[in-house]
Amino acid sequence: MLLATLILTLSMAMFLFYLQTICLRILRREFERDYFLPIVNANRLEFPSVRQALQEFNAPVDYARFCMMLKCDFLALTYLLKNAANENRRYSPQDRLLILYFHVTYLILRLRHLLRLNEKLSILQLTSILQFFGNVVGLRVSTTQFGNLSASDYLLTL
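So, here is what we can say about the structure in this document. (Residues numbered from 1 in each chain as written. Predicted model: local features only at pLDDT ≥ 70, side-chain atom pairs only at ≥ 80, totals over all residues. Heavy atoms only, no water.)

1. Some remarks on the layout of surface pockets
Here is step 1 of the chain: By volume, the second largest pocket amounts to about 250 Å³.
Here is step 2 of the chain: Taken together, Leu16, Leu19, Gln20, Tyr101, Val104, Thr105, Ile108, Arg112, Leu121, Ser122 and Gln125 form the lining of the second largest pocket.
Here is step 3 of the chain: Those elements giving two or more residues to the lining of the second largest pocket turn out to be α1 (2–27), α5 (93–114) and α6 (120–143).
Here is step 4 of the chain: Broken down by element, the lining of the second largest pocket gets its largest block of residues, five residues, from α5. (1 Å grid on protein atoms, 1.4 Å probe; cavity = no way out; pocket = protein on both sides within 12 Å on 5 of 7 lines; lining within 4 Å. Points joined across faces, edges and corners; volume = space filled by probe spheres on them. Helix = DSSP H or I, 4+ residues; strand = E, 2+ residues; numbered from the N terminus.)

Here's what the structure looks like:
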């Protein structure tokens, strides 16, 4: 019984390590510009203000408020990932990995809060995942054509 528990624990630790390694490699992808900004403004997403509050102002962590803001942004961005300018209407394998990584990081955030550990690192990691999702959605929308117009040109004609 002890050996089975040890094997299960080590397997879970290795899985989480590889998941984090793969997801951090995906998150290092550089975009030409900040495609997430129009998506943030159009959908009134809050994760940039959460990141700014923690990084620039060194604000104390308001756990309940930040968690609610990040979870709402996550739901909005995953909906947009699946439905906005996506012909297949399904997530890519990369998107699925990052969604799983978001859930694992969110669980770690909750555990850190229960154990009264520093939550800042987990919150910043969640905001970087959301920024990546915003960049992917923004890139898809910016390259979508409406007839002979781009998405931004089309919106200007309305």
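2. Some details on the nonpolar core
Here is step 1 of the chain: One finds Phe47, Leu77, Leu130, Phe132 and Phe133 to be the most contacted residues of the largest nonpolar core, which totals 39 residues.
Here is step 2 of the chain: Listing elements by their share of this core, those giving two or more residues are α1, α2 (36–43), α3 (47–55), α4 (63–83), α5 and α6.
Here is step 3 of the chain: Residues contacting Phe132, with those up to four places away along its chain left out, are Ile26, Leu27, Arg29, Phe31, Gln94 and Leu98. (Core = buried A, V, L, I, M, F, W, Y, C linked by side-chain atoms within 4.5 Å. Buried < 20%, exposed > 50% of the residue type's maximum accessible area, 1.4 Å probe, protein only. Contact = heavy atoms within 4.5 Å.)

3. Re the environment of Cys23
Here is step 1 of the chain: On the secondary structure map, Cys23 appears in helix α1.
Here is step 2 of the chain: Judged by its relative accessible area of 0%, Cys23 is buried.
Here is step 3 of the chain: Separated by 13 residues in the primary sequence, Cys23 and Leu10 have C-alpha atoms spaced 20 Å apart.
Here is step 4 of the chain: Filtering out sequence-adjacent residues up to four positions away, Cys23 remains in contact with Leu97, Leu98 and Tyr101.

4. A word on the packing of α3 against α4
Here is step 1 of the chain: Interaxial distance between α3 and α4 falls to 9 Å at its minimum, and their mutual angle equals 145°. Crossing hand, α3 versus α4: left-handed. For the pair α3 and α4, contact is made by Phe47, Ser49, Val50, Ala53 and Leu54 and by Phe66, Met69, Leu70, Asp73 and Leu77, respectively.
Here is step 2 of the chain: Residues belonging to the contact of α3 with α4 are distributed by class as follows: eight nonpolar, one polar and one charged. (Axes fitted to C-alpha atoms, helices over the stretch in contact; angles between N-to-C directions. Left-handed = near helix turned anticlockwise from the far one by under 90°. Nonpolar A, V, L, I, M, F, W, Y, C, P; charged D, E, K, R; others polar.)

5. Quick notes on a nonpolar patch on the surface
Here is step 1 of the chain: A cluster of nonpolar side chains, contributed by Met14, Phe17, Tyr18, Ile22 and Leu97, occupies part of the molecular surface with about 500 Å² of accessible area.
Here is step 2 of the chain: Top contributing element to the nonpolar patch by residue count: α1, with four residues.
Here is step 3 of the chain: One can find Ile22 in helix α1. (Patch = residues over 30% accessible without salt bridge, like charges linked within 9 Å, V, L, I, M, F, W, Y side chains within 5 Å. Areas by Shrake-Rupley, 256 points an atom, 1.4 Å probe, with all protein chains shown as cover. Salt bridge = Lys/Arg side-chain N within 4 Å of Asp/Glu carboxyl O.)

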